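Residue-level listing of the chains:
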Amino acid sequence: MLDGSNILITGGTGSFGKKCAKSLLDRCQPNRLVIFSRDEQKHVDMARNVLPPADYPQVRYFVGDVRDPQRLTTALRGIDYVIHAAAMKHVDIAEYNPQECIRTNIGGAENLINACIEANVKKLVALSTDKAAAPVNLYGATKLCSDKLFAAANSLSGQHGTRFCAVRYGNVIGSNGSVIPFFQKKRHEGVLPVTSEQMTRFVITLEQGVEFVLKSFERMNGGELFVPKIPSVSIIDIARAVAPECKIKVIGIRPGEKMHECMVPQDEARQTLEFDDHYVVQPSARNWCKGDPDYVAAGKPCQPDFHYSSDNNSEWLSVDQLRDVIDRHCPDPSGRTDTKPAFKVRRAA
Ligand SMILES: NC(=O)c1ccc[n+]([C@@H]2O[C@H](COP(=O)([O-])OP(=O)(O)OC[C@H]3O[C@@H](n4cnc5c(N)ncnc54)[C@H](OP(=O)(O)O)[C@@H]3O)[C@@H](O)[C@H]2O)c1
């Protein structure tokens with residue numbers, strides 16, 4: 001579907017955007033791939049180190065802000081498919097600067113919807129987060145609003161217009177500002193600060209995230225929330241996997257944090273279908289099309305008491321497995337690999 005098409009990635013210079021762009025170029029031969037984000041220097045770095053224009057002439061480095069409707073309209077001319085990854089995503093920063101987070105995550109989504117409809121874009125997949133499910137912080141709340149905007153946008157665009165959907169997943173291993181690089185930096189101090197010994201999170205690799213987003217273009221009919229089945233980890237096991245020699249200092253849960261994350265809350269169970277490797281939360285109304293009956297029939301409706309959260313998951317990564325994933329996807333920049341985990345491997349619950 002994406003082969004030979006014109007694709008735009010908002011937030012294309014971020015962790016997800018760079019990996020996604022490379023993956024698209026490796027497998028889909030897009031006619032044009034537009035990388036859309038604000039900071040000129042990130043574009044320069046990406047053009048130098050990831051996708052040099054000499055090797056990838058189909059890539060356009062387009063400086064722009066999702067808060068700027070006019071710039072989006074210009075960027076989207078002739079675009080077939082959009083991946084929306086631009087966001088403010090740090091919980092603490094969003095709590096302190098709520099207006100800024102709202103402008104980017106909600107206002108930006110609204111601008112993008114209008115520009116996509118105007119440009120007659122075929123499909124858009126937006127990246128959401130587990131923090132948007134029953135949110136307790138501003139970041140999650142803005143992503144929930146953005147998810148709702150994208151679902152409702154299918155009504156705005158009408159029967160033959162742009163189809164919008166969202167993908168919801170958990171912490172990306174090694175992404176900008178995430179806990180593994182943080183622990184790796186702290187390792188030399190001999191003590192790692194851990195919020196709580198009970199805390200759990202969903203984890204996914206960047207490659208899996210990209211793969212899942214690209215698959216969603218084929219699966220979507222508009223308005224769905226696609227949720228991959230991914231493993232859980234306990235935060236303390238991440239600390240043990242990164243630096244088993246370090247002491248752990250429990251610092252307490254931070255404002256706006258949950259002990260466990262949720263991807264499908266119980267209240268959404270009635271709308272949720274289970275597939276082999278993912279769930280789909282169906283839109284509550286679908287007045288733009290009937291949906292693909294074959295795809296829906298292949299899914300198993302979830303029980304009314306179903307919920308999918310990081311503490312009730314059936315799939316867990318042990319410390320050994322985590323170390324393996326970290327070595328492959330987020331190696332310690334200091335090159336330290338001299339430790340062995342001194343902990344028992346936890347079996348799937
Ligand atoms: N990382 C995770 O663990 C995780 C988990 C679940 C979901 N997600 C979601 O995945 C998406 C991508 O995350 P990521 O880890 O790739 O984040 P990232 O590395 O911080 O990248 C964010 C990208 O968005 C751009 N951006 C920010 N504000 C913008 C604006 N106003 N207009 C245009 N571009 C803007 C940034 O570039 P400039 O600052 O230069 O504009 C950057 O290219 C986000 O929507 C996030 O909510 C991430």
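We now turn to the structure provided with this report. Computed from a prediction, not measured in an experiment: that's the story for all the values here.

### Describing the pairing of strand E15 (residues 278–281)
For step 1, the next point in the chain: Because side chains alternate across E15, one face comprises the buried residues His 278 and Val 280, and the other comprises Tyr 279 and Val 281, equally buried.
For step 2, the next point in the chain: Pairing analysis gives four bridges linking strand E10 (residues 225–228) to E15, with the strands arranged antiparallel. Of the residues in E15, the one forming a bridge with Phe 226 is Val 280.
For step 3, the next point in the chain: Across three bridges, strand E14 (residues 272–274) lies against E15 in antiparallel orientation.

### Considering the packing of helix H9 (residues 235–242) against helix H11 (residues 319–329)
For step 1, the next point in the chain: Running from amino to carboxyl end, H9 crosses H11 at an angle of 60 degrees, the nearest separation of the two axes being 9 Å. In this view, H9 runs oblique relative to H11, as classed from their interaxial angle. Note that H9 runs across H11; the crossing there is right-handed. Contact residues: Asp 237, Ile 238, Arg 240, Ala 241 and Val 242 in H9; Val 319, Leu 322, Arg 323 and Ile 326 in H11.

### Quick look at the sheet that holds E10
For step 1, the next point in the chain: With mixed pairing, ten strands are arranged side by side in an open sheet as E3-E2-E1-E4-E5-E6-E10-E15-E14-E16. Both edges of this open sheet fall to strand E3 (59–63) and strand E16 (300–301), since each of them pairs with a single strand only.
For step 2, the next point in the chain: Each of strand E2 (32–37) and E3 touches helix H2 (residues 40–49); the most contacted strand, E3, lies at about 165 degrees to it.
For step 3, the next point in the chain: The strands that helix H8 (residues 206–219) touches are strand E4 (81–84), strand E5 (123–129), strand E6 (163–169), E10 and E15; relative to E5, the one it contacts most, it runs at about 140 degrees.

Cut-off values and rules
- Residues numbered from 1 in each chain as written.
- Predicted model: local features only at pLDDT ≥ 70, side-chain atom pairs only at ≥ 80, totals over all residues.
- Heavy atoms only, no water.
- Buried < 20%, exposed > 50% of the residue type's maximum accessible area, 1.4 Å probe, protein only.
- Helix = DSSP H or I, 4+ residues; strand = E, 2+ residues; numbered from the N terminus.
- Pairing = 2+ DSSP bridges.
- Axes fitted to C-alpha atoms, helices over the stretch in contact; angles between N-to-C directions.
- Parallel < 35°, antiparallel > 145°, perpendicular 65-115°, else oblique.
- Left-handed = near helix turned anticlockwise from the far one by under 90°.
- Contact = heavy atoms within 4.5 Å.

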